[in-house]
Amino acid sequence: MAPISRKVFIQTAIALGATAAWGHSLTLPSAFSWRERRDLYPEGVASGDPDSNSVLLWTRYPSNGHAAKKLNVEVAEDESFHQVVASAKAVISEASDWTCRVLVGGLKPARVYWYRFTDAKGNGSRLSRTITAPTDNDERPIRFVFVSCQNVNQGAQNAYRRMIFEDEGAAELDRLGFILHLGDFIYEIVWYPEDRPQGMYDRRIRDIVRYQHGEKIEDFHIPTVVDDYRAIYRAYLHDPDLQDARARWPFVCMWDNHEFSWLGWQSLQKFQGTTRPAQTRKVAANQAFFEYQPARIFKPSGPSLDQFHPPRVVDQPVTHFDDHGLGQETNNMTAIRSLRGYRALRWGRNTELIITDQRSYRSEDPTDRAEANAFSSKDFPEFFPEEALEIFDAGRVYDQGHPPVSVHYGDNNVPNFRKDQPPQTILGAEQKAWFLEKLLRSKATWKIWGNTIATLDMRADPQNLPPDLTRPWPGSGFAGFVGGDFGTAYVERGEIYDFVRDNGITGFATVAGDRHSFWAGLAAKFLPPKSFEPVGIAFVTASISAPGMVEAFEHVFPKDHPLRPLFVGQGPSDARPQPTVNMLLRHGVKSCLEYAKSGDISKARALSNPDLSPHVSFADMGGHGYSVVRVTSDSFEAEFVCIPRPLERSNRADGGPLLYRSKHRAKLWGSRETPRLESQIVEGDARFSV
Ligand SMILES: [Fe+2]
């Protein structure tokens with residue numbers, strides 16, 4: 001980004017709803033007496049969305065009965081604040097739940113700054129660190145982490161402690177520039193300890209929040225108004241490891257589903273199989289996100305410096321959807337437009353991060369419809385026939401506009417409930433147009449799609465099960481796993497990948513979350529038996545702490561089920577279940593059955609089905625941790641740092657032991673070349689994942 005004028009900077013700050021502070025070229029010692037009082041800033045501090053000359057700073061200073069309306073914020077080049085380069089008054093008020101956002105401009109590119117907030121009496125926040133981005137023509141390598149899915153209600157954030165430990169020990173040039181948080185920063189669904197005295201899977205339920213206005217559904221609680229959403233952000237920010245991470249690096253945050261609602265889409269919620277309008281809750285969720293996450297996101301409610309000004313909406317049923325699946329009901333439109341989260345950020349010549357919103361504009365996941373239950377069977381847990389997934393995704397455009405009237409599942413003929421409807425969209429028309437334009441115009445070496453949900457197909461081959469094991473697979477070929485992500489949004493994913501190919505766009509890399517698992521692979525529209533033509537590389541990071549599929553299966557998968565060896569199998573000498581589902585996804589059913597028989601992993605891998613997952617180099621449905629990206633002018637590397645199941649907070653300085661560290665590298669490819677990925681386990685054991 002080129003240097004901007006003070007005037008443009010002030011306009012930007014106003015549009016973002018932030019107080020502005022303009023850096024000066026003279027450095028001066030701090031004019032404030034500061035003494036640390038972390039108790040007055042119980043949610044800590046944060047910085048977000050840096051560019052090459054500015055960054056957003058954040059804190060919360062609850063009133064506690066005093067009448068402070070402003071804090072002093074200072075930004076310095078040194079930790080002792082002898083070289084202060086910018087200062088401003090930050091407005092705090094009850095209307096923004098005592099949070100504040102300050103956009104500091106006039107900073108130098110690619111450097112570390114220190115910042116702190118101080119009240120009129122000299123009571124200060126902790127000292128904190130942030131980092132600006134390099135300028136657009138700066139060739140230097142970029143390093144960042146991407147994470148998702150932290151659950152403070154059910155786990156510990158040891159991954160952040162490990163991240164801090166490794167960064168502190170790294171050489172200056174190897175340190176991280178920022179943390180990309182791809183959603184489920186909070187889980188709005190909360191269990192109170194008494195709701196589940198037995199805990200959840202391996203987890204102890206923590207008493208983190210009591211919603212003042214919440215709603216209880218089955219045995220959990222959800223927020224209903226902005227004060228509830230604010231309360232859950234506060235509860236999460238009291239986690240010491242998350243708070244330390246926010247004080248060390250700038251965060252770039254995008255919401256996924258749980259920032260609003262578990263099965264939410266647009267402004268609708270779904271609980272107990274019923275879709276209900278929730279426009280007021282969507283606005284409340286957006287308001288709390290705006291207040292608690294310093295991000296360059298736009299609210300259309302006007303140029304307020306310090307408040308969100310929620311638009312007035314009511315909860316009205318949404319019944320009419322346009323050709324792009326967008327609910328036309330006025331309150332729905334107002335609610336989803338009350339905050340625009342999609343945006344692009346640039347780090348030097350080599351990195352442009354294009355971040356999209358997968359929840360606010362998406363059409364209904366067709367596999368979430370009651371009619372789709374006809375394709376689920378207790379005999380084949382998790383498996384959904386791939387051909388049915390394709391038919392329901394495409395709707396009326398299937399087979400060039402000739403969708404079948406019904407779909408076979410064994411002896412059943414299930415009506416095609418999607419045959420008259422438009423294809424599924426996750427981005428929505430307006431955002432997709434913006435996204436494709438950004439991809440096309442980007443001058444960065446690597447166009448990194450910051451996508452909260454995964455894009456890699458998650459596939460198994462039950463058609464290859466031996467006939468005597470269970471009844472015949474009712475599908476006609478491969479099985480997909482239902483997840484509502486881009487792994488089954490074939491039409492829209494294909495449109496994006498075709499665009500990448502047709503425009504000769506190279507360096508297309510996707511980083512994603514949501515799946516609570518590590519994945520490394522190639523971005524391809526089709527898999528065998530169709531033609532397999534990758535156009536990019538794609539990664540998924542495991543959860544920081546939320547439970548994943550392997551943990552769930554260890555608890556709930558029936559012990560006597562004939563397909564248990566495919567998910568949590570045990571070899572003859574294994575004392576406990578193993579994550580064989582990783583092998584299922586990568587190599588197929590024959591490998592899993594061989595492992596259960598012999599316990600010999602090489603023998604098992606030798607039976608790999610080459611047509612199943614040529615797009616996957618690594619999959620771990622049981623991992624937790626974080627992913628480090630290292631980008632240079634000719635290479636992209638994703639490193640998965642996997643920690644043990646984070647049941648309790650580690651008291652070790654390094655956050656506890658590692659299970660493994662794996663690296664996945666691609667060389668930059670030319671516009672007519674096919675991307676390739678090389679994987680390597682550099683530490684520990686990930687034997688079922690490769
Ligand atoms: Fe999640």
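Residues numbered from 1 in each chain as written. Predicted model: local features only at pLDDT ≥ 70, side-chain atom pairs only at ≥ 80, totals over all residues.

**Student:** For this particular structure, what's the right way to read the overall build of the protein chain?
**Tutor:** Each helix and strand counted, the protein chain has 15 helices and 33 strands in total. Since a compact globule built from 690 residues should have a radius of gyration of about 26 Å, the 25 Å found for the protein chain is in line with a globular shape. For the protein chain, with 690 residues in total, the buried portion stands at 55%. The long-range fraction of contacts in the protein chain, counting pairs at least 24 apart against all pairs at least 6 apart in sequence, stands at 73%. (Helix = DSSP H or I, 4+ residues; strand = E, 2+ residues; numbered from the N terminus. Rg over C-alpha atoms; globule rule 2.2 N^0.38 Å. Buried ≥ 20, exposed ≤ 12 C-beta atoms within 10 Å, placed from the backbone. Contact = placed C-beta atoms within 7 Å.)

**Student:** Whenever I open this one, helix α3 (residues 226-237) confuses me. Can you help?
**Tutor:** When the terminal C-alpha atoms of α3 are compared, their 17 Å separation across 12 residues agrees well with the 16 Å that a helix rising 1.5 Å per residue should span. Most of α3 is tucked away, with 10 of its 12 residues classed as buried. Restricting attention to buried positions, one finds in α3 the residues V226, D228, Y229, R230, A231, I232, Y233, R234, Y236 and L237. Buried residues in α3 make contact with α4 (240-248) and α5 (279-292). (Expected span 1.5 Å × (residues − 1).)

**Student:** Whenever I open this one, the pairing of strand β5 (residues 70-76) confuses me. Can you help?
**Tutor:** For a regular strand, the rule is simple: side chains alternate between the two faces of the sheet. Of all seven residues making up β5, five are buried, and the element is well covered by its neighbours. Bridge count for β5 against strand β6 (residues 84-91) is seven bridges, and the pairing is antiparallel. Along β6, the bridge assignment pairs V75 with A86. In the sheet, β5 pairs with strand β8 (residues 112-118) via five bridges, with the strands oriented antiparallel. Bridge pairing in β8 places V73 opposite F117. (Pairing = 2+ DSSP bridges.)

**Student:** What exactly am I supposed to notice about the environment of A247 here?
**Tutor:** Note that A247 resides in helix α4. The exposure class of A247 is partly exposed, given the 19 C-beta atoms found within 10 Å. For the pair A247 and R126, spaced 121 residues apart in sequence, the C-alpha separation works out to 8.2 Å.

**Student:** Which parts of the structure should I look at to understand the nonpolar core?
**Tutor:** A general trend in soluble globular proteins is that nonpolar side chains are found buried together. If you look at the biggest cluster of nonpolar residues, it comprises 189 residues, and the most contacted ones within it are V102, V145, L180 and W519. Apart from residues no more than four positions distant in its own chain, L180 is found in contact with F144, V145, F146, V252, L353, G450 and V511. (Core = buried A, V, L, I, M, F, W, Y, C linked by C-beta atoms within 7 Å.)

**Student:** What is the right way to look at the sheet that holds strand β24 (residues 459-460) in this model?
**Tutor:** Within a beta sheet, neighbouring strands are joined by backbone hydrogen bonds and run either parallel or antiparallel to one another. The sheet built from three strands is open, its strands ordered β20-β25-β24 with antiparallel pairing. At either margin of the open sheet sits one strand with a lone partner, and together these are β20 (383-385) and β24. Bridge count for β20 against strand β25 (residues 479-481) is three bridges, and the pairing is antiparallel. If you follow F384 over to β25, its bridge partner there is G480.

**Student:** Teacher, can you tell me more about the sheet that holds strand β28 (residues 536-540) here?
**Tutor:** The strand order across the open sheet built from seven strands is β18-β19-β23-β26-β28-β27-β29, with neighbouring strands paired in mixed fashion. With partners counted over all chains shown, the strands left at the sheet margins are β18 (343-347) and β29 (616-620), one partner each. Strand-to-strand twist across the sheet, computed as the mean angle between neighbouring axes with direction ignored, equals 20°. (Axes fitted to C-alpha atoms, helices over the stretch in contact; angles between N-to-C directions.)

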